[in-house]
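# Commentary on secondary and tertiary structure
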Amino acid sequence: MPYLGSEDTVRELRRHLSNPNVQSDPLRYRSSILKVIRAMSQGVDVAGLFSEMVKACATVDIVQKKLVYVFLCSYATLNPELSLLVINTLRKDCQDPNPMVRSLALRNMVNLRLPSLAEYVEQPLSAGLRDRAACVRRVAVLGWAKLHNLQPASEIDAAVVNELYGLLRDPDPVVMVNCLRALEEILKEEGGMAINKPITHHLLNRLGQLDVWGQCEVLRVLQRYRPQSESELFDILSLLDASLVSPHPPVMAATLSLFLVLCPDLPAVSFAALERVRGPLLAACGSASRETRFTALCHIQLLLRSLPGLMGAHYKRFFCGYAEPAYIKQRKMQVLVELVNDDNVAMLLDELRGYCTDVNADTAQAAISAIGRIGRSYSDQCLQILTGLLGLQQEHITSAVVQTMRDLVWVCPQCSDTVCSALEGCEETLQDSQGRQALLWLLAVHGERVRSAPYTLEGFIDGVRGEASPGVKMELLTTTMRLFVCRPAETQDMLGRLLHHCIEEETDMCVRDQALLYYRLLRCGMEETRRVLGGRRSEPSLGVLIGRPAEPISQWASSFNTLEPLKQGAGETETTGRASPQHVTFDLDSDLSDTLNSGAEELDYVCLEERIRCPAVPHCSPQSLQAAMQLVNIQTLAFTAAHASPWRVYLYTHAQQAARSALILGQLLYAGEDEDEDEAGLSEGPSPRGREEEVKVTLKQRPRDEKALQGFLSILTAVLHTLPFNTH
Amino acid sequence: MSSSAIFVLDLEGEVLICRNYKGDVDMAEIDRFLPLLMQHEEEGLLCPVLSHGKVHFMWIKHSNLYLVSTTNKNSNASLVYSFLYKIVEVFTEYFKELEEESIQDNFVVVYELLDELMDFGFPQTTDSKILQEYITQEGAKLEVGKSKVPTTVTNAVSWRSEGIKYKKNEVFIDVIESINVLVNANGSVMSSDIVGSIKLKTMLSGMPELRLGLNDRVLFGLTGRDKGKTVVMEDVKFHQCVRLSRFDSDRTISFIPPDGESELMSYRINTHVKPLIWIESVIEKFSHSRVEIMVKAKGQFKKQSVANNVEVRVPVPSDADSPKFKTSTGQAKYVPEKNMVVWTIKSFPGGKEFLMRAHFGLPSVENNELEGKPPVTVKFEIPYFTVSGIQVRYMKIIEKSGYQALPWVRYITQSGDYQLRTNV
């Protein structure tokens with residue numbers, strides 16, 4: 001066919017369709033209609049042919065009818081008046097002796113999506129509900145749902161709703177399931193259809209007759225049912241046991257979801273159900289479809305949150321195949337990290353090392369950061385691998401390794417010696433800004449032990465003019481300052497050059513301000529500088545979060561078997577692997593705000609400081625504190641160990657305030673008895689007598705929202721007061 | 001599950017065909033799909049769900065097509081993927097190959113099928129056997145006024161229509177097992193399992209009642225009986241025609257078969273299998289000069305059996321040149337576009353051992369790019385043999401008219417995902 005512009009095509013087609021000779025020859029007429037549909041599929045605007053096509057639907061040829069209906073449904077909303085002409089043909093078809101014709105007409109009548117046609121549609125739909133052919137009833141039932149969807153404001157007649165309830169007992173399984181779907185849609189405002197005991201038992205009994213889609217629908221609807229007695233609950237559960245190990249992953253997932261919702265108060269039953277689905281879930285992980293595999297992996301991650309030991313013995317099932325897509329490999333690695341134990345650690349690390357040289361750079365980086373995560377518990381083996389990887393001198397690998405080492409050293413200070421000796425010379429392979437920031441951070445914290453540190457820094461400072469990333473520049477400033485504190489003779493000259501450049505020539509405000517800040521700090525004297533910059537080098541207490549306590553199932557039960565798990569944690573390895581080292585700047589900020597008010601206005605956004613009387617807090621276990629906080633949607637970031645002094649907890653929450661969400665960061669500080677004097681000097685607290693029973697709360701938020709802060713504080717106070725007073 | 005619309009796109013992101021089921025998501029949103037896909041791929045965050053604002057795209061790729069379902073609800077992901085794969089399955093049964101050309105050539109049938117498969121975002125009739133009853137490609141031929149009502153829509157047995165007739169009544173039973181193996185570079189088996197299926201080709205008249213008996217070595221994981229020396233099947237799936245209640249009570253597989261080809265059951269056995277063809281490979285790479293490859297293949301199965309069409313695929317560096325081969329049997333061929341040597345052995349008796357040596361030159365200027373370490377893969381087929389030991393004991397065929405029918409049984413073991421990692 002020669003290329004024709006869309007107008008030419010339409011004109012050509014119209015000529016064909018209105019030609020009486022063509023109309024009288026059914027074959028030619030149908031082929032003209034075919035051409036229209038083909039043009040429509042190819043994206044040509046054929047809306048202009050509407051009136052010709054309306055005529056074409058009066059035919060006995062069922063295929064032609066279907067094609068014309070496809071056309072009409074696509075363009076009806078543009079031609080509501082002309083569509084009125086179709087309704088007559090459609091209503092006539094609803095009386096046709098052939099059930100296929102009846103169902104086709106009925107379906108398309110509603111698919112026109114014209115609210116103005118509603119009055120003509122209701123009568124055939126009602127008749128359709130009582131049709132003797134199941135295929136017509138199927139269409140009619142869903143037709144009511146569509147009608148409601150079209151005009152959500154208008155009520156569907158109660159008689160119809162009753163009839164739909166009645167059709168739940170229809171012999172045809174698809175009619176029954178469609179009834180469920182329709183009722184759910186029509187009664188959406190009332191929270192869905194009524195699920196009482198007879199309906200529940202009826203649905204459960206017919207579960208066996210349904211196809212996969214139907215079973216999932218029923219299982220989902222039943223989640224709203226609350227059994228009246230424990231024996232009824234167990235009857236239901238034992239009925240569902242077979243679907244729990246169904247070979248169809250969707251059915252299995254839907255059943256598990258129902259189990260978890262039905263028995264929130266019976267953790268033993270839930271855990272038994274999780275054990276039971278282990279086999280089918282593992283099978284889904286080996287499914288031929290990558291999407292099913294991916295979905296299964298995401299859901300396994302959910303389960304592991306509550307039952308970390310669930311897959312321990314099956315870790316080999318999560319080894320990656322060579323040709324698997326990156327998203328599956330990365331999820332598998334996340335699972336592998338969770339499964340590591342003394343017996344399999346050697347095997348697992350060996351496997352992960354193989355992935356580090358993957359052709360896909362993201363997979364390689366994910367593998368490296370996975371090794372870093374395992375390194376928190378098995379540091380020697382992991383460091384050996386990481387150091388070995390540096391020898392490959394591959395840009396992206398070196399960058400990922402340095403970042404991983406930074407994260408590792410922060411939690412495991414005992415690794416620092418090995419890391420320091422490994423760092424020598426790797427600045428030559430580092431290209432990306434994140435890798436270089438990580439290297440600078442490491443030099444800042446452990447610079448006195450890296451022999452070549454000043455030379456490395458010198459290289460950076462010489463190239464600072466050509467440096468594009470402000471992040472690297474800021475990190476460079478901090479590093480040079482900290483190195484100056486411990487190795488002044490070697491660094492003094494370059495620090496001067498760097499500060500001069502950043503203050504006089506730098507255009508980025510953040511970099512310039514930080515340089516100014518350090519300059520002022522230096523003027524306060526060496527002692528002051530040392531005190532401010534000597535931040536902590538590690539946070540071993542973060543270890544508490546690594547072996548995190550098993551969460552209650554209710555934490556994730558509601559998101560099970562939806563889209564959510566697929567979206568969650570997608571960037572998990574990314575954030576652990578690539579986050580810029582906030583820890584050091586965070587530390588600096590809070591310390592600086594006390595001493596250097598003149599230079600640091602924009603860094604300082606402490607919003608609220610409050611003291612809460614709460615004797616229990618420092619003595620209660622991190623787990624119970626974390627659990628208590630999570631109940632009110634406060635997430636804990638990190639703890640110091642119990643009984644440590646000073647004792648801190650970092651936490652955050654998302655406050656939902658009038659459609660915009662605001663992040664609140666908080667710190668609980670229990671200074672303990674010995675630091676009383678210091679603290680008292682800084683703020684006027686109440687009488688020193690009650691001091692040891694108080695916790696200092698510091699909240700940060702930007703932009704500041706007084707109401708949200710006060711609300712959060714009152715919730716926090718309430719939670720802290722409910723804590724049990726247990727002294728281990 | 002709720003799917004607002006289904007799209008079939010070509011690789012350039014052009015819509016080939018689409019169906020708007022719910023009308024609650026703007027159909028123009030699909031234009032964002034491919035750019036989104038590209039962007040995620042670049043960032044290394046590609047995943048089977050992509051989101052743009054409130055719209056989620058769930059997609060699968062099949063040959064040169066994307067099948068996309070859009071939704072604005074937090075819907076059930078696994079169900080949507082199952083449905084998309086169901087579409088692929090149904091279309092493939094209709095058009096043999098599902099690809100851009102077949103969609104374009106058959107768009108009438110595609111429209112009809114999309115109409116029947118789903119309504120208002122809910123899957124309706126998805127069994128291709130039933131669909132084929134009333135949506136036929138002969139629809140292109142004209143048959144005015146003579147559209148028959150499919151019997152299956154009202155039938156008690158939805159997968160078989162009445163009144164089928166054959167001159168010669170026969171059933172062909174294929175027992176096919178494929179082996180998945182992953183072997184580490186140091187020669188330890190990391191994982192292995194068997195995926196089996198029993199396929200039927202039924203050419204029987206009327207409404208026959210069939211009973212299939214398997215040997216006792218195979219126990220079904222479902223029944224949870226003792227696990228002595230038997231092979232325990234996990235994950236057993238039956239065709240909907242099998243009466244599960246009968247199976248649960250006395251483990252007989254009884255059914256009224258669908259006409260023509262169908263899969264009666266499939267199973268998986270997760271057990272330690274000795275790799276049937278064992279490969280030892282030594283790949284020595286001398287930078288800037290040459291690569292030397294030595295591969296030893298050993299048949300670790302019964303002497304009486306023979307593996308046919310064995311293909312050993314050995315990876316070579318992408319910049320290798322001037323291949324030289326020496327084999328003790330079969331033929332070796334260099335396939336430069338896939339960077340591998342394919343060593344083909346037409347027939348490989350059990351217990352035998354064969355050797356292949358290959359020599360490649362390497363350029364003196366080294367390729368800087370990092371290359372992955374692709375594994376050695378093996379393809380083979382062993383007839384008259386099953387790894388699990390499953391056997392068909394009997395197949396009883398009973399029909400009202402009392403005709404005699406012959407069952408034919410065939411066993412094949414073949415390679416599935418069969419990978420042996422290399423040390424280079």
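Just above sits the structure.
Residues numbered from 1 in each chain as written. Chains lettered and ligands numbered in written order. Predicted model: local features only at pLDDT ≥ 70, side-chain atom pairs only at ≥ 80, totals over all residues. Heavy atoms only, no water.

### Describing the environment of Glu162 of chain B
Note the cut-off: Secondary structure follows DSSP: runs of H or I at least 4 residues long count as helices, runs of E at least 2 residues long count as strands, and numbering of each begins at the N terminus. Burial classes follow relative accessibility: with a 1.4 Å probe on protein chains only, a residue under 20% of its type's maximum area counts as buried, one over 50% as exposed, and anything between as partly exposed.
Inspection of the secondary structure assignment puts Glu162 of chain B in the loop between helix H5 (128–134) and strand S8 (170–183). A residue is classified by how much of its surface remains accessible, and Glu162 of chain B, at 55% relative accessible area, is exposed.

### Thoughts on the nonpolar core
For the record, the criterion: The criterion is simple. A nonpolar core is a set of buried Ala, Val, Leu, Ile, Met, Phe, Trp, Tyr and Cys residues joined through side-chain atoms within 4.5 Å. Contacts are assigned to residue pairs that have any heavy atoms within 4.5 Å of one another.
Membership of the largest hydrophobic core comes to 251 residues, with the highest contact counts inside it found for Val46, Met53, Phe71, Leu72 and Phe318 of chain A together with Phe91 of chain B. The element contributing the most residues to this core is helix H2 (residues 77–95) of chain B, with twelve residues. When neighbours within four sequence positions are excluded, Leu72 of chain A is seen to be in contact with Phe50, Met53, Val54, Val86 and Leu112 of chain A. Counting residues in hydrophobic clusters, the runner-up holds 37 residues, among them Ile277, Ile293, Val312 and Phe380 of chain B.

### Overview of the interface of chain B and chain A
Here is the rule we go by: Any carboxyl oxygen of Asp or Glu that lies within 4 Å of a side-chain nitrogen of Lys or Arg is treated as forming a salt bridge with it. Under this definition, polar contacts are N or O atom pairs within 3.5 Å; protein pairs additionally need one hydrogen-donor-capable and one acceptor-capable atom, and for neighbouring residues in sequence, both atoms have to be side-chain atoms.
Facing the 76 residues of chain B at the interface are 71 residues of chain A. Across the salt bridge formed by Lys66 of chain A and Glu112 of chain B, the nearest N and O atoms sit 2.8 Å from each other. Inspection of the chain B/chain A interface yields 20 residue pairs in polar contact (both at pLDDT 80 or more). Listed by contribution, the elements that provide at least two residues to the side of chain B that touches chain A are strand S2 (15–20), strand S3 (49–52), strand S4 (55–62), H2, helix H4 (107–117), strand S7 (122–123), strand S9 (189–203) and strand S12 (231–238) of chain B.

### Some remarks on unusual backbone geometry
Glycine aside, residues mostly have negative phi angles, and peptide bonds mostly take the trans form. Residue and element names in this part refer to chain B. For Ser322, which is not a glycine, the phi torsion comes out positive at approximately 35 degrees. By the secondary structure assignment, Ser322 is in strand S18 (residues 321–327). The residue Tyr384 is not glycine, and still its phi comes out positive at about 60 degrees. Mapped onto the elements of the fold, Tyr384 is located in the loop between strand S22 (376–383) and strand S23 (392–398).

### Considerations on the packing of helix H13 (residues 212–221) of chain A against helix H15 (residues 249–262) of chain A
Each packed pair of helices is defined by two parameters, the angle between the axes and the distance between the axes. Residue and element names in this part refer to chain A. Selection rule: All axes here are fitted lines through C-alpha atoms, helices being fitted over the stretch that makes contact, and every angle between N-to-C directions spans 0 to 180 degrees. If an angle is under 35 degrees, it is roughly parallel; if it is over 145, roughly antiparallel; if it lies from 65 to 115, roughly perpendicular; otherwise it is oblique. When residues are sorted by character, Ala, Val, Leu, Ile, Met, Phe, Trp, Tyr, Cys and Pro go into the nonpolar class, Asp, Glu, Lys and Arg into the charged class, and all the rest, Gly among them, into the polar class.
Two numbers describe how H13 lies on H15: the axes approach to 9 Å, and their chain directions differ by 10 degrees. Put simply, H13 runs roughly parallel to H15. Side by side, H13 and H15 meet where Val212, Gln215, Cys216 and Leu219 of the first sit next to Pro250, Val251, Ala254, Thr255 and Leu258 of the second. Classifying every residue of the contact of H13 with H15 by side-chain character gives seven nonpolar, two polar and no charged.

### Some thoughts on the packing of aromatic side chains
All names here are of chain B. As a reminder, the rule being used: Classification of ring pairs rests on two measures: the distance between centres of Phe, Tyr or Trp rings, Trp counted by its six-membered ring, which must be within 6.5 Å, and the angle between planes, read as stacked under 30 degrees, edge-to-face over 60 and tilted in between. Note on criteria: charge over ring means Lys NZ or Arg CZ within 6 Å of the ring centre, with the direction from the centre no more than 35 degrees off the ring normal.
Following the criterion strictly, the structure yields 20 aromatic pairs over all chains and no others. Ring geometry for Tyr94 and Phe95: centres 6.2 Å apart, planes at 55 degrees, overall tilted. In this pair, the class of Tyr94 matches that of Phe95, namely buried. Pairing Tyr334 with Phe360 gives two aromatic rings, centres 5.0 Å apart and planes at 65 degrees, and the pair type is edge-to-face. Taken as a pair, Tyr334 in strand S19 (residues 331–335) and Phe360 in strand S21 (residues 353–361) lie far apart in primary sequence, 26 residues in all. Considered together, Tyr334 and Phe360 belong to a single accessibility category, that of buried residues. Three or more aromatic residues joined by ring pairs form one cluster here, namely Phe33, Phe57, Trp59 and Tyr66. Above the ring of Tyr394, the side-chain terminus of Lys396 is found at 4.8 Å from the ring centroid.

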